[in-house]
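Listed below are the residues making up each chain.
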Amino acid sequence: MKVASLSIAELRRCIAARELTPLDACDAALAQIDARDGDVRAFLNVDRDAVRDRARQLGASKAQNALHGVPVAIKDNMCIAGTKTTCASKILGGYQPPYTATAVQRLVDAGAVVIGKTNLDEFAMGSSTENSAFGPTRNPWDIARAPGGSSGGSAAAVAAGMSALALGSDTGGSIRQPASFCGVVGMKPTYGRVSRYGLVAFASSLDQIGPFTRSVEDMALVLNVLCGHDPHDATSASAPVPDFTGELGSGVKGMRIGVPFAFLGEHVDASVRASFETLLESLKREGAVITAVTLPHANHGLAAYYIIANAEASANLARFDGIRYGHRSSRAQTLHDVYRLTREEGFGAEVKRRVLLGTYVLSAGYYDAYYRRAQQVRTLIIRDFATAFATCDAVLLPTAPTPAFKLGEKIDDPILMYLNDIFTIPVNLAGLPAVSVPCGTSPEGLPIGAQLIGRAFDEVTVLRAAAGVERVSEFRGLAV
Amino acid sequence: MSKINRDVIAHLEQLARIDLAPDEVEVITAQLDRIVAMVESLQKVDVSGVEPTLGMSHEVAAEGEHVRDDVVVPGLERATVLEQAPDATREFFRVPRVLGKDDES
Amino acid sequence: MSTRYEAVIGLEVHAQLSTNSKMFCGCSAAYGGAPNTQVCPVCLGLPGALPVVNARAIEFAVRLGLATGCRIANQSVFARKNYFYPDCPKDYQISQFDTPLCSDGHVDIEGGARTVRVKRIHVEEDAGKLVHVDGADHSLVDMNRSGVPLVEIVSEPDIRSGREASEYLQKLRSLVRYLEICDGNMEEGSLRCDVNLSVRPVGNAEFGVKTEVKNLNSFKQVEQAIEFELERQSKVLESGGRVTHDTLLWDAAKGRATVMRTKEEAHDYRYFPEPDLRVLRVSDATIARVGGSLPELPDARQARFVSRYKLPAYDAALLTTARDIADYYEDVVKAGADPKAASNWVMGEVMRELNERAIEIRDFTIGAKNLAELVMLQASGRINSSTAKDVFKQMLAGGARAADIVAKGGLEQVSDTSAIEGDAKAVLDENPDEVARYLAGKEQLLQFFVGQLMKRTRGKANPKLATELIRGLLDARRKG
Ligand SMILES: [Mg+2]
Ligand SMILES: [Zn+2]
């Protein structure tokens, strides 16, 4: 068995039993990076010496924490003290934050080894990881294709055996869609479950950190470490944190799985539809009750999302002004230049587009027509889900309407690109937990994911259903 | 009807302090116009009597939760902070001269 | 100066709350630290940092709200105010917009004859400080003040003159100091004032176009700026021109306001609810608790001083302007001093000392009990008023008790005629010319002889007694 392909649960067992050391685990990951990342380009930064030093220290320690010696890749929009953080943008220059994100710190405290920082769409704005100032990441299943995004680097790293675990952030699908494209498990927990402190904000009311893993069991193990209240994040939840592994083995028998058939109808590629239907049949055979539900306002999610997310982004990205950190235009003579030229040079096209849109919808005279109305539609979407959950335990949708598309295929058409997130965006608007689990393969051999959505703070049920999907689906393996 | 034209873009550039490069202006104007047309679809939704969502917290936080006590905790070393600045003295961040005192608080 | 126009004035007052830590982070809020030494990721606006509300700042604002008769919102909302400026690290300020913490209160001026309505009081964060270097091509930025908590107190346009504005402002200053929520120091910027002013023909109910004058750093400047603007706007209207909705900057050195930005350049702040913070909840129980803990406020205390101590309104107003002075005064009275005599001492010698030495009453060397002793010594006739002033000076220098100083120095007033009769005779004998002139009708010389006698007795003679004695002896000589 190849060490780089082991799940977290397996690594843990091997390390605890002294069959492997943390250094073995990390060296296997580093070797895989050497072998694959020249093509895939999942990582922006890997400090091999630091990784091996830390792995050696852990090997010498008697501690046996939950993630002892487990390699983890971190999306490069999370701060690690003293490590360059780029958000895949030129505007951060060589910025090195003086503090570490709470989510990263929790993993490190549990014994994980940060193996490197991964590529993303600039400031997490995108669905393909093509909007990176440092070039695109490629899908390890087919390097002519996109890994999805914005957490494409993290998804690709886990899929290609370069890390057993990765963190991503999900604002409109940025964990789940790349998980689907790369054939791994990716989860966005309930809004507030994971601290956002140290995550460079894109859209504060939508952003949520979550893991990529190779199995649903691993997902539950990592959530046990990651979730919990953080006094540094006023939006982090004080709800009690359960044992997320609790219901993994319960099976789907008797579970009511709601499917919004009408919403699904309009948008789905044939291969995705086929594997989705197969999945429904399999779940029925396992004893799940498939229930039709409606989400009447979900098809307005995309429009509401682009108003709310970009309004928030226009403020969140204002601080990149060339004064306290990051890039400052060398052409700047006046203060005015410092702002305008720095931001012209520092931001890529997609970021500019979104910041300008966000500025537009908040500007004098437009607030009510756009921002306020979008938040009203958001309320309607929240209500839609509440109604659906009155008759089901989890909602099932494809994660994305298509399998991984070709690099360059959609980059010139923002709206076409945005449609990728049609099934994931309503979940962010409602702040609900959702996981993407591989459920099939397209005729071209590309992974296809299914998305399970649960009630707020009911990750346990979501994971129970996800484990059921994992069991019945034919998708297996890594793109090593 | 087109809502986004060059003038609107110029105004937004000023508000957002982003200059678009000359080759970006045309493309972005057209793209933004399409995106705005897309989000216009919300005007068709009946939102009468619907409260806008405020923040995204599921729990109604009890009073006194998610706030801090008034306790001073140590911050960052000045050298560490100023090291990250594109331009600074040993004590201050430095910017090109600010004209006039425009106190905004 | 035109008499055909009247000013319609509203004030926006910013008061720095005297909390230990900043509004949204744990950095010290103390004034005067070395530049950029009271900073952290939050108040520097570093990427990924998040604000957490200082509970005490909210309680302070509630105190002020209740003291001004405001309605306290059970739920209020923080909002982002977007603008670019080098002292604003996030390039937005966290403030409150359409749902402030306190609204609809009032402040009475002119002894209750006039009321200024308070439209709202909201909580927000201060900006950093720009240091302008004379003649240099750059400016410097210090972020120590960034994030210090402020309340902004917005009045309705109920003020009609500079004097009223100044009185309103002094009243606010007195209030925040009573409430111990702000030190009220205008020089250090703890209290700052912007003036909104329009003019209209006397008798007209409609408002004219207003201007905003910023950068007013003393009560006097507020009055001067109002007079300047009233005259300027009146002249514009008289000459058939139109006032434009500009923002002006007060130049204290030149005594004039200059245009900072015109209506066309007005900011579009693009306010929207701050997604990093929750709705701020303040329960009725908390409002009741804070209300119950408020000290007796200046207006009530003033009324009580008049009714209980029979003080003139002038004395009562002056003594109650500052809470610690009023406390001191009451302690003097409680220790047995006559209320009016105590009032004279506190308003006279004590306040003069405080002003001259620019100290607070808590740093004053003469305790209330000790001052009371002095007041009583004088009232009982044991020392005369000039001795009392001497003793006061010695008390200031050494901190000794009044009675001890009097006893040690043998300063007790001599009220026994026989004890000073010899001295009195000697005075007349030594000044035969003056005696002659007195007897010839120059009766003003009586005070000269009394003065000589006081000198001979080292001030101990009871002045009234001394006067009678001298007059008696002179009358005797006239007859003789
Ligand atoms: Mg303000
Ligand atoms: Zn701070």
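Fair warning: this is a prediction, and the values are worked out from it, not measured in the lab.

Q: Can you help me understand the overall build of chain B in this one?
A: Of regular secondary structure, chain B possesses three helices and two strands. For chain B, the N- to C-terminal ordering of α and β elements is α-α-β-α-β. For chain B, the C-alpha radius of gyration of 23 Å lies well beyond 13 Å, the compact-globule estimate for 105 residues. Along the three orthogonal principal directions, the C-alpha set of chain B runs to about 55 × 50 × 25 Å. The buried share among the 105 residues of chain B stands at 45%. Put simply, of all contacts in chain B between residues at least 6 apart along the chain, 28% involve residues at least 24 apart. Carbon and sulfur atoms make up 51% of the accessible area of chain B, which totals about 5,700 Å². Computed over 11 positive and 22 negative side-chain charges, the inter-centroid distance for chain B is 7 Å.

Q: How do you make sense of the coordination of the magnesium ion (ligand 1) when you look at a structure like this?
A: Each pair of donors in an ideal octahedron of six around a metal sits at 90 or 180 degrees, and each pair in an ideal tetrahedron of four sits at 109.5 degrees. Residue and element names in this part refer to chain C. Within the first shell, the magnesium ion (ligand 1) binds the protein through His14 (NE2), Glu124 (OE), Glu124 (OE) and Glu152 (OE), at distances of 1.9 to 2.8 Å. Site description for the magnesium ion (ligand 1): donor spacing in sequence, H-x109-E-x27-E. Highlighted residues: histidine 14 in strand β1 (residues 5-16) and glutamate 152 in strand β11 (residues 149-155), separated in sequence by 138 residues.

Q: I tried to follow the coordination of the zinc ion (ligand 2) on my own but got confused; where do I start?
A: All names here are of chain C. Taken together, the protein ligands of the zinc ion (ligand 2) are Cys25 (SG), Cys27 (SG), Cys40 (SG) and Cys43 (SG), with distances of 2.3 to 2.4 Å. Around the zinc ion (ligand 2) sit four donor atoms, and with donor-metal-donor angles ranging over 99 to 117° the site reads as tetrahedral. Read in sequence order, the donor residues for the zinc ion (ligand 2) give the motif C-x1-C-x12-C-x2-C.

Q: Is there a simple way to think about the pairing of strand β12 (residues 191-201) of chain C in this case?
A: Taken residue by residue, a regular strand's side chains alternate between the two faces of the sheet. Residues and elements named next belong to chain C. The buried fraction of β12 amounts to 10 of the 11 residues, a majority that puts the element mostly inside the structure. As defined by bridge partners, β1 adjoins β12 across 11 bridges and the pair is classed as antiparallel. Of the residues in β12, the one forming a bridge with glutamate 12 is aspartate 194. Examined bridge by bridge, β12 and strand β13 (residues 211-216) share four bridges and lie antiparallel to one another. By the bridge assignment for β13, asparagine 196 is matched with glutamate 212.

Q: I would appreciate a short explanation of the sheet that holds strand β6 (residues 92-96) of chain C in the present structure.
A: What holds strands together in a sheet is hydrogen bonding between their backbones, with the strands either parallel or antiparallel. Pairing within the open sheet is antiparallel, and its three strands lie in the order β6-β5-β16 (chain C). Taken across any chain shown, the strands that pair with only one partner, and hence form the sheet edges, are β6 and β16 (272-273) of chain C.

Q: I'm lost on the interface of chain B and chain A in this one. Help?
A: When the parts of a complex come together, some accessible area is lost, and that lost area is often used as the size of the interface. Contacts between the two partners involve 52 residues from chain B, matched on the other side by 72 residues from chain A. Carbon and sulfur atoms supply 65% of the area that chain B and chain A bury against each other, a total of about 5,300 Å² over both sides. Taken as a group, B:Leu42, B:Met56 and B:Gln84 account for 13% of the area that chain B buries against chain A, more than any other trio of residues on that side. Summed over the shared surface of chain B and chain A, the number is four salt bridges. Taken together, chain B and chain A are joined by 21 residue pairs in polar contact (both at pLDDT 80 or more). Counting residues per element, the ones that place at least two in the side of chain B that touches chain A are α1 (6-16), α2 (22-39), α3 (78-83) and β2 (93-96) of chain B. Grouping the constituent residues of the side of chain B that touches chain A by class yields 28 nonpolar, 10 polar and 14 charged.

Q: Can you help me understand helix α3 (residues 48-60) of chain A in this one?
A: Along an α-helix, residues three or four positions apart point the same way, because every turn accommodates 3.6 residues. Residues and elements named next belong to chain A. With 13 residues, α3 extends 18 Å from end C-alpha to end C-alpha; this agrees with the ideal 18 Å at 1.5 Å per step. Among all positions of α3, only Val51, Ala55 and Leu58 are buried. End-on, the buried residues of α3 take up no more than an arc of 60°, which puts them together on one face. The exposed residues of α3 that point more than 90 degrees off its buried face are Asp49, Gln57 and Ala60.

About the thresholds
- Residues numbered from 1 in each chain as written.
- Chains lettered and ligands numbered in written order.
- Predicted model: local features only at pLDDT ≥ 70, side-chain atom pairs only at ≥ 80, totals over all residues.
- Heavy atoms only, no water.
- Helix = DSSP H or I, 4+ residues; strand = E, 2+ residues; numbered from the N terminus.
- Rg over C-alpha atoms; globule rule 2.2 N^0.38 Å.
- Buried < 20%, exposed > 50% of the residue type's maximum accessible area, 1.4 Å probe, protein only.
- Contact = heavy atoms within 4.5 Å.
- Areas by Shrake-Rupley, 256 points an atom, 1.4 Å probe, with all protein chains shown as cover.
- Lys, Arg positive; Asp, Glu negative; His and termini not counted.
- Charge placed at Lys NZ, Arg CZ, Asp CG, Glu CD.
- Donors = N, O, S within 2.8 Å, 3.2 Å for Na, K, Ca; no water.
- Tetrahedral: all angles 85-135°; square planar, octahedral: opposite > 155°, others 65-115°.
- Pairing = 2+ DSSP bridges.
- Buried area = accessible area lost by both parts, 1.4 Å probe.
- Salt bridge = Lys/Arg side-chain N within 4 Å of Asp/Glu carboxyl O.
- Polar contact = N/O pair within 3.5 Å; in protein donor to acceptor, adjacent residues only side chain to side chain.
- Nonpolar A, V, L, I, M, F, W, Y, C, P; charged D, E, K, R; others polar.
- Expected span 1.5 Å × (residues − 1).
- Arc of directions from axis to C-beta.

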